[in-house]
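A closer look at the structure
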Amino acid sequence: ISGGKIAHLSELKNILGIPTPEGFAVTSYAFIKFIEKTHLKEQISQILNSIDINKIEELNDGSKKIQELIIKSEVPEEIANSITSAYKNLCKKLNKKCMVSVRSSAIHEDSDFSFAGQYSSFLNVPEEMILQNYKKVIASLFNTRAIFYYKTKGFAETEMVMACLLYT
């Protein structure tokens, strides 16, 4: 599963034939594997379950802790290799080394529920910064606004997953 932005761009290109930027997706499955392989699942769950969303300090602290855990973690090798390989294939297809945008594409983003503007995006990212920016995008799933929104809308923690779109 790849989230709303990726699905909409695919429809524009494949169904309507509208030109779209060249790129690739890092799926929500990769996000789940990232969280599992870095052993963050329980820590994130524990922090999320301890947050009283009516106490802004708790919300801010919990958000900061989760985001730091993700950003300080190493991207698991199989995910890092897949991203690097996809980037190299993109450059080969375009016949040049390129900068990419690293954009969020969360599962419920751009749906009946509006998480619009809550997640991070990075533009003009060079190859050596792709993995770091990937971590920042997936960490933004746990920013204060997103945690508050998902808890007040009744989403389960397991529904909060992030795919990313990398494109030229």
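Keep in mind that this is a model prediction, so the values were computed, not measured.

With respect to unusual backbone geometry
The phi dihedral of histidine 39 falls on the positive side, at around 60°, and the residue is not glycine. Within the secondary structure, histidine 39 is located in the loop between helix H2 (28–37) and helix H3 (41–50). Here histidine 39 falls in the exposed class, since its relative accessible area comes to 62%. The phi dihedral of asparagine 124 is positive, around 55°, even though this residue is not glycine. Looking at the secondary structure, you find asparagine 124 in strand S3 (residues 121–125). Its relative accessible area of 57% is what places asparagine 124 among the exposed residues.

Here we look at the environment of isoleucine 83
Along the polypeptide, isoleucine 83 turns up in helix H5 (residues 77–94). Separated by 59 residues in the primary sequence, isoleucine 83 and phenylalanine 24 have C-alpha atoms spaced 8.8 Å apart. If near-sequence neighbours (up to four positions away) are discounted, isoleucine 83 is found in contact with Phe24, Val26, Ile130, Leu131 and Tyr134.

Details of the sheet that holds strand S1 (residues 23–26)
With respect to topology, four strands assemble into an open sheet ordered S1-S4-S2-S3, the strand pairing being antiparallel. Unpaired on one side and paired on the other, S1 and S3 mark the two borders of the sheet. Across the sheet, the mean angle separating the axes of adjacent strands is 20° when strand polarity is ignored. Where strand S2 (residues 100–106) lies against S3, three bridges are found, and the strand directions are antiparallel. Paired with valine 102 across the two strands is phenylalanine 122, which belongs to S3. Of the strands in this sheet, S1 and S2 touch H5, which is tilted by about 170° from S1.

Notes on the pattern of salt bridges
Going through the model one piece at a time under the given rule, you end up with five salt bridges. Its salt-bridge partner being lysine 93, residue glutamate 22 comes within 2.7 Å of it at the nearest N-O pair. Taken together, the residues glutamate 22 in the loop between helix H1 (4–14) and S1 and lysine 93 in helix H5 connect sequence positions 71 residues apart. Judged by relative accessible area, lysine 93 falls into the exposed class, the value being 56%. When the shortest N-O distance is used, the salt bridge between lysine 37 and glutamate 78 registers 3.3 Å. Here the residue lysine 37 occupies a position in helix H2, and glutamate 78 occupies one in helix H5, the gap between them amounting to 41 residues. Take lysine 37: its relative accessible area is 43%, and that puts it in the partly exposed class. What makes glutamate 78 partly exposed here is its relative accessible area of 47%.

Let's talk about the nonpolar core
Within the largest apolar cluster, 44 residues are counted, with the highest numbers of intra-cluster contacts made by Phe34, Ile70, Val100, Tyr134, Phe142 and Met162. A per-element tally of this core places H5 first, with six residues. Apart from residues lying up to four places away in sequence, phenylalanine 142 is in contact with Phe31, Ile44, Leu48, Ser63, Ile66, Gln67, Ile70 and Ile147.

Quick notes on the rules
Residues numbered from 1 in each chain as written. Predicted model: local features only at pLDDT ≥ 70, side-chain atom pairs only at ≥ 80, totals over all residues. Heavy atoms only, no water. Helix = DSSP H or I, 4+ residues; strand = E, 2+ residues; numbered from the N terminus. Buried < 20%, exposed > 50% of the residue type's maximum accessible area, 1.4 Å probe, protein only. Contact = heavy atoms within 4.5 Å. Pairing = 2+ DSSP bridges. Axes fitted to C-alpha atoms, helices over the stretch in contact; angles between N-to-C directions. Salt bridge = Lys/Arg side-chain N within 4 Å of Asp/Glu carboxyl O. Core = buried A, V, L, I, M, F, W, Y, C linked by side-chain atoms within 4.5 Å.

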